[in-house]
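Geometric and topological summary
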Amino acid sequence: MSELTGKRALVTGGSRGIGAGIALALADKGADVAITYERAVERAAEVVREIEKKGRRGLAIQADSADATAVKRSVEEAAKGLGGLDILVNNAGIARAGTVADMSLADIDALLNVNVRAAVLAAQAAIPHLKAGGRIVSIGSNLGERVPLSGLTVYALTKSALLAFTRGLARELGDKEITANLVQPGPIDTDMNPADGELAKTIGALTALGRYGTPNDIGAAVAFLASPAANFITGSVLTVDAGFNA
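The present account deals with the structure reproduced in this document. Keep in mind that this is a model prediction, so the values were computed, not measured. (Residues numbered from 1 in each chain as written. Predicted model: local features only at pLDDT ≥ 70, side-chain atom pairs only at ≥ 80, totals over all residues. Heavy atoms only, no water.)

**Thoughts on the side chain of Thr207**
In this fold, Thr207 is placed in the loop between helix H6 (200-205) and helix H7 (215-226). Residue contacts for Thr207: discarding those within four places in its chain leaves Pro187, Asp241, Ala242, Gly243 and Phe244. (Helix = DSSP H or I, 4+ residues; strand = E, 2+ residues; numbered from the N terminus. Contact = heavy atoms within 4.5 Å.)

**Let's talk about the pattern of salt bridges**
Applying the stated criterion to the full structure yields 13 salt bridges. Residues Lys29 and Glu3 are paired through a salt bridge, measuring 3.6 Å at the closest nitrogen-oxygen approach. Of this pair, Lys29 sits in the loop between helix H1 (17-28) and strand S2 (32-37) while Glu3 is found in the segment before strand S1 (8-11), placing the two residues 26 residues apart along the sequence. For Lys29, a relative accessible area of 22% corresponds to the partly exposed category. The exposure class assigned to Glu3 is partly exposed, which follows from its relative accessible area of 39%. (Salt bridge = Lys/Arg side-chain N within 4 Å of Asp/Glu carboxyl O. Buried < 20%, exposed > 50% of the residue type's maximum accessible area, 1.4 Å probe, protein only.)

**Here we look at the layout of surface pockets**
Its volume calculated, the largest pocket comes out at about 1,400 Å³. Lining the largest pocket are 49 residues, with Gly93, Ile94, Ala95, Tyr155 and Met192 sitting closest to its centre. Contributing elements (two or more residues each) for the lining of the largest pocket: H1, S2, helix H4 (105-126) and helix H5 (153-173). Broken down by element, the residue count for the lining of the largest pocket peaks at three residues, all from H1. Residues of the lining of the largest pocket, tallied by class, amount to 25 nonpolar, 16 polar and eight charged. (1 Å grid on protein atoms, 1.4 Å probe; cavity = no way out; pocket = protein on both sides within 12 Å on 5 of 7 lines; lining within 4 Å. Points joined across faces, edges and corners; volume = space filled by probe spheres on them. Nonpolar A, V, L, I, M, F, W, Y, C, P; charged D, E, K, R; others polar.)

**Things to note about the environment of Glu46**
You can see Glu46 is positioned in helix H2 (residues 41-53). Judged by relative accessible area, which is 33%, Glu46 ranks as partly exposed. Through-space distance from the C-alpha of Glu46 to that of Gly133 is 30 Å; in sequence the pair is 87 residues apart.

**A word on empty space enclosed by the protein**
Unoccupied space between atoms shows up once a probe the size of one water molecule is rolled over them. Summed over all chains, the structure comprises one cavity of 30 Å³ or more. Its boundaries defined by the atoms lining it, the largest cavity holds a volume of some 120 Å³. As for the largest cavity, its lining consists of 16 residues, of which Thr12, Ser65, Asn90, Ala92 and Ala118 are closest to the centre. Among the elements that make up the lining of the largest cavity, the one with the highest residue count is H4 (five residues).

**Quick look at the packing of H1 against H7**
In the contact formed by H1 and H7, the axes pass within 7 Å of each other and the chain directions differ by 45 degrees. Classified by the angle between their axes, H1 and H7 sit oblique to one another. For H1 against H7, the interelement crossing comes out right-handed. Facing H1, whose interface residues are Gly17, Ile18, Gly21, Ile22, Ala25 and Leu26, H7 presents Pro215, Ile218, Gly219, Ala220, Val222, Ala223 and Ala226. (Axes fitted to C-alpha atoms, helices over the stretch in contact; angles between N-to-C directions. Parallel < 35°, antiparallel > 145°, perpendicular 65-115°, else oblique. Left-handed = near helix turned anticlockwise from the far one by under 90°.)

**Observations regarding unusual backbone geometry**
Although it is not a glycine, Glu177 sits at a positive phi angle of roughly 60 degrees. Among the secondary structure elements, Glu177 is positioned in the loop between H5 and strand S6 (179-185). With a phi close to 60 degrees, Ala242 is a non-glycine residue in the positive phi region. Using a relative accessible area of 25% as the deciding quantity, one classes Ala242 as partly exposed.

**Regarding the nonpolar core**
Ranked by size, the top nonpolar core spans 30 residues in total, and within it Val11, Ile22, Leu26, Val33, Val89, Val183 and Val222 carry the most contacts. Ranked by the residues each element gives to this core, the list is headed by H1, at seven residues. Leaving out residues up to four positions away in the same chain, Val89 has contacts with Leu10, Val11, Thr12, Ile22, Leu26, Val137, Ile139 and Val222. Listed in part, the 28 residues of the second largest apolar core include Leu10, Ala125, Ile178 and Ala180. (Core = buried A, V, L, I, M, F, W, Y, C linked by side-chain atoms within 4.5 Å.)

And the structure:
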């Protein structure tokens, strides 16, 4: 359980849901972990306390992922606070539903800024800190490859963009022995998509296992990709969706 001892990680959007699950999974494996949060001060503090209970250093950094300056600042603060950076997890994301015909420019810009631009800017800021063995893991969505419901087109577009971003980044960083991979969650029980929500039965029925996953399921996938066991994996996509896209 100590594969990541000595490693320092930043998980964006780590105060709740999938991000919190990732942060705690990395801490379980021995990493010190910084998280960013937008407004959830108490929830971020609780995640830090849980990290510290595991004997690891935890750090919460306020940063709005829609703010380009804040994204870059958060990476620098994480590297300074943890004494370096080995792992970047681009997890922060938002959802907006609506057809292309009806979606507002504000919602389109918000989706692109948080789900795509923030990942690019965080990676740009993190790369100078990463050494051989460094990791960049982005969190996409299984909807990046399949859009089974109307009203998710622009959201799915932003998650699909992370596919190209990850593959290109893997090429750019390969000679530095830094890997870049993408995890695509399916339906996960979070505030954004609760397992008891209005569409939960419909969505759960689309999976092969017939149920939602938990943030721990995604945390385990990210912890694997961050570990030495994944040294030879880069530019890859790991879909964790209970067979939704099967």
